Amino acid sequence: MRLLKVEPWGTAKLYLLSSAIWFVVGTTLGGIDATHLIAPELLGNIPFLVFSRLRPMHTNTVIFGFIGTSLMGAGFYLIPVMARTTLYSERLGKLSLWVWNLSILTGNILLGLGYSQSREYAEWVWPVDIGILTAFALIFANYLGTTLRRKEKMLYVSTWYLFAALVFTWCFYFFGNAVWNPRTGSLVGLADANLAWFYGHGIIGLFMTPLAVAVAYYVVPIVCRTPLYSHSLSMIGFWSVLVLYSHIGAHHIIQTPIPTWLKVVAITGSLSMFLPVATVVINLWLTMRGRLGILHANLAGKFVFAGLVWYALTCIAGPLQSLPSVQRVTHLNNFVIAHAHLGVLGFSGSIGLAGIWLIIPRIAGRPIYQRRLVDIQHWFLIFGLTAFHLILSTAGLVQGNSWLNGEAIYRTLPMTHIYMVLRLFAGLFIIAAAYTGLYALLRTMYWPGSIKEGSP
Ligand code: HEM
Ligand code: HEM
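Here the structure is a predicted model, which is why all the values come from computation and not from measurement.

1. Here we look at the overall build of the protein
Phase 1 of the analysis: Along its length, the protein carries 15 helices and zero strands.
Phase 2 of the analysis: Among the 456 residues that make up the protein, the fraction classed as buried is 57%.
Phase 3 of the analysis: Of all intrachain contacts in the protein linking residues separated by at least 6 positions in sequence, the fraction that spans at least 24 positions is 84%.
Phase 4 of the analysis: Accessible surface for the protein amounts to roughly 18800 Å². Of this, 70% is attributable to carbon and sulfur atoms.
Phase 5 of the analysis: Side-chain charges of the protein comprise 28 positive and 12 negative groups, with the mean position of each set lying 11 Å from the other.

2. Regarding the site of ligand 1
Phase 1 of the analysis: Taken together, 26 residues form the shell around ligand 1, and within it Gly 30, Arg 55, His 58, Glu 120 and His 341 come nearest.
Phase 2 of the analysis: Within the side chain of His 58, one N or O atom sits 2.8 Å away from a nitrogen atom of ligand 1.
Phase 3 of the analysis: Within the contact set of ligand 1, an oxygen atom lies 3.0 Å away from a side-chain nitrogen or oxygen of Glu 120.
Phase 4 of the analysis: Listing elements by their share of the shell around ligand 1, those giving two or more residues are α1 (10–36), α2 (51–83), α13 (334–364) and α15 (409–445).
Phase 5 of the analysis: Looking at the shell around ligand 1 residue by residue, the class counts come to 15 nonpolar, seven polar and four charged.

3. A word on the coordination of the iron atom of ligand 1
Phase 1 of the analysis: The protein atoms that coordinate the iron atom of ligand 1 are His 58 (NE2) and His 341 (NE2), at distances spanning 2.1 Å.
Phase 2 of the analysis: Taken together, the six donor atoms surrounding the iron atom of ligand 1 define angles of 85 to 179° at the centre, an arrangement classified as octahedral. Separated by 283 residues along the polypeptide, His 58 in helix α2 and His 341 in helix α13 bring together distant segments of the chain.
Phase 3 of the analysis: Since its relative accessible area comes to 14%, His 58 is described here as buried.

4. Digging into the packing of aromatic side chains
Phase 1 of the analysis: Under the defined criterion, the tally for this structure stands at 31 aromatic pairs.
Phase 2 of the analysis: Ring geometry for Trp 170 and Phe 174: centres 5.8 Å apart, planes at 5°, overall stacked. With Trp 170 and Phe 174 both in helix α5 (residues 157–176) and four residues apart, this pair spans about one turn of that helix.
Phase 3 of the analysis: A residue is classified by how much of its surface remains accessible, and Phe 174, at 24% relative accessible area, is partly exposed.
Phase 4 of the analysis: An aromatic cluster of three or more residues is present, and its members are Phe 64, Trp 100, Trp 124, Phe 136, Phe 172, Tyr 173, Tyr 199 and Phe 207.
Phase 5 of the analysis: Stacked on the ring of Tyr 369, the Lys or Arg Arg 443 has its end atom at 4.3 Å from the ring centre.

5. Considerations on unusual backbone geometry
Phase 1 of the analysis: One non-glycine residue, Ser 118, lies in the positive phi region at around 55°.
Phase 2 of the analysis: Structurally, Ser 118 is set in the loop between α3 (90–112) and α4 (126–148).
Phase 3 of the analysis: Here Arg 225, not a glycine, exhibits a phi torsion of approximately 50°, which is positive.

6. Looking at a nonpolar patch on the surface
Phase 1 of the analysis: A cluster of nonpolar side chains, contributed by Ile 46, Phe 48, Trp 98, Leu 102, Leu 105, Ile 109, Leu 113 and Tyr 115, occupies part of the molecular surface with about 740 Å² of accessible area.
Phase 2 of the analysis: Mapped onto the elements of the fold, Trp 98 is located in helix α3.
Phase 3 of the analysis: When its relative accessible area of 32% is taken as the criterion, Trp 98 is described as partly exposed.

7. Digging into the environment of Pro 257
Phase 1 of the analysis: Turning to its location among the elements, Pro 257 is positioned in the loop between α7 (231–245) and α8 (260–272).
Phase 2 of the analysis: Between the alpha carbons of Pro 257 and Ala 340 there is a distance of 24 Å; along the sequence they are 83 residues apart.

8. A word on empty space enclosed by the protein
Phase 1 of the analysis: For the structure on display, the rule yields four cavities of 30 Å³ or more.
Phase 2 of the analysis: By volume, the largest cavity amounts to about 50 Å³.
Phase 3 of the analysis: Around the largest cavity, the lining residues are Ile 79, Met 82, Ala 83, Thr 147, Arg 150, Met 154, Leu 155, Tyr 156 and Thr 159.
Phase 4 of the analysis: With three residues, the top contributor of residues to the lining of the largest cavity is α2.

9. A word on helix α14 (residues 371–404)
Phase 1 of the analysis: Taking 1.5 Å of rise per residue, the 34 residues of α14 would be expected to cover 50 Å, and the 49 Å separating its terminal C-alpha atoms lies within 8% of that figure.
Phase 2 of the analysis: Downstream of α14 by one or two residues, Gly 406 has phi in the positive range, about 90°.

Conventions adopted
- Residues numbered from 1 in each chain as written.
- Chains lettered and ligands numbered in written order.
- Predicted model: local features only at pLDDT ≥ 70, side-chain atom pairs only at ≥ 80, totals over all residues.
- Heavy atoms only, no water.
- Helix = DSSP H or I, 4+ residues; strand = E, 2+ residues; numbered from the N terminus.
- Buried < 20%, exposed > 50% of the residue type's maximum accessible area, 1.4 Å probe, protein only.
- Contact = heavy atoms within 4.5 Å.
- Areas by Shrake-Rupley, 256 points an atom, 1.4 Å probe, with all protein chains shown as cover.
- Lys, Arg positive; Asp, Glu negative; His and termini not counted.
- Charge placed at Lys NZ, Arg CZ, Asp CG, Glu CD.
- Near = heavy atom within 4 Å.
- Polar contact = N/O pair within 3.5 Å; in protein donor to acceptor, adjacent residues only side chain to side chain.
- Nonpolar A, V, L, I, M, F, W, Y, C, P; charged D, E, K, R; others polar.
- Donors = N, O, S within 2.8 Å, 3.2 Å for Na, K, Ca; no water.
- Tetrahedral: all angles 85-135°; square planar, octahedral: opposite > 155°, others 65-115°.
- Phe/Tyr/Trp six-rings, centres within 6.5 Å; stacked < 30°, edge-to-face > 60°.
- Lys NZ or Arg CZ within 6 Å of the ring centre and 35° of its normal.
- Patch = residues over 30% accessible without salt bridge, like charges linked within 9 Å, V, L, I, M, F, W, Y side chains within 5 Å.
- Salt bridge = Lys/Arg side-chain N within 4 Å of Asp/Glu carboxyl O.
- 1 Å grid on protein atoms, 1.4 Å probe; cavity = no way out; pocket = protein on both sides within 12 Å on 5 of 7 lines; lining within 4 Å.
- Points joined across faces, edges and corners; volume = space filled by probe spheres on them.
- Expected span 1.5 Å × (residues − 1).

Next up, the structure:
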């Protein structure tokens, strides 16, 4: 039972550490993917490393391993602190972590061996799904046990978001993965495409988004040392995101023969997303207004600020990308990949990192080992992701316009080659950010040596 040894904040600490490790693994896999798109023959035909297997290994590792683990790990700190009590059970917390990590590892190894459900972001086969669902249930039980014995009467908005993310994700993970259909995990035809995007979109809007918003709502007031601008606004945002995000997944398949009413719901819902997004961004902006200096002097504050800027940008582009006229140029090409990285890494990933850098010094009881390293991580990320996004958006527009002009896909490939090379170059900065962060984290937690600079 050494693996489940009890120590104060042990669960949060191990979740955050695991996330930093998955960040390294996930971005490295992304780098290999990007290399494939430049030189498909370079890695030979090693089955474990073919693009079609590596791509889902990359996406699942970054989404669940890096982002999910960091944000839910932050929840293991936030929930007890907001409830003014201790975690319900550190042992249960560690059990959930092992189930979670082993599921991610097993899912990826099986993907490498060719076992896949072939559904985007739901590629892991059903035994892994059972592990993931079990982990969600264990995490939920622990959050709930903690909240039920709280000494603080008010439930701060971050608590609402953390619970909503777990409850919604459990349900749509089960249905979206068609867990009751273990052989293939899928239905047939358009019904399946719909279900698959109900799920895929849920992963974006009801797993990563509420978790990231929960952490942002905690970090900004704490770092700025001021109360949240408006609790009412935060509640309007909370309920509207649940109402809207839950049924707009069909905007991923607007170009297919799904019923027109479904397209209308998806498009109007996407445009209405302005409301929940604006409530978060405006509320946090008004909280940090006049205190940007304090926010940027803090490492977690810097990451959360970048995350919110990227959130706003992603959510200005997203609704436009749901319009059929825009999709004529942007659909199924690198424009979507650019948007995906801006949202997933820029918004949720940055806020996951903010969680790590806020919580680790508090748990470890000492400042971060060499603050400069985390500053470097921050700038690597800003430069790498901005370049990554601009390069892929341009590549997408080149592809989309060529296709619109009747050019065959194979003839557009040479045009995009240079963008693929530049993307790998930009991606190397993101990979470097992951390695730098892991090093700084390990030094802070286990080998602090002499810490030269002040607190975060
Ligand atoms: C934590 C950081 C990262 C996150 C969260 C992330 C996330 C994603 C997501 C969500 C997709 C699927 C996009 C879609 O289908 O629309 C994707 C695909 C991809 N990513 Fe990343 N990524 C990260 C880092 C990287 C890095 C550093 C590289 C390259 C050096 C990279 C290269 C790729 C490639 C090549 C694809 C496949 C694109 C395609 O199919 O054309 N990613 N990534
Ligand atoms: C107002 C909010 C948003 C709207 C309306 C929106 C809309 C869209 C649309 C219409 C697409 C499909 C584009 C196409 O296939 O042509 C898309 C793709 C995507 N979006 Fe968003 N988006 C929003 C915010 C976000 C955020 C915050 C994230 C990340 C946390 C995100 C992550 C993604 C990903 C990963 C994909 C690629 C899915 C795939 O094809 O593999 N989006 N989005």
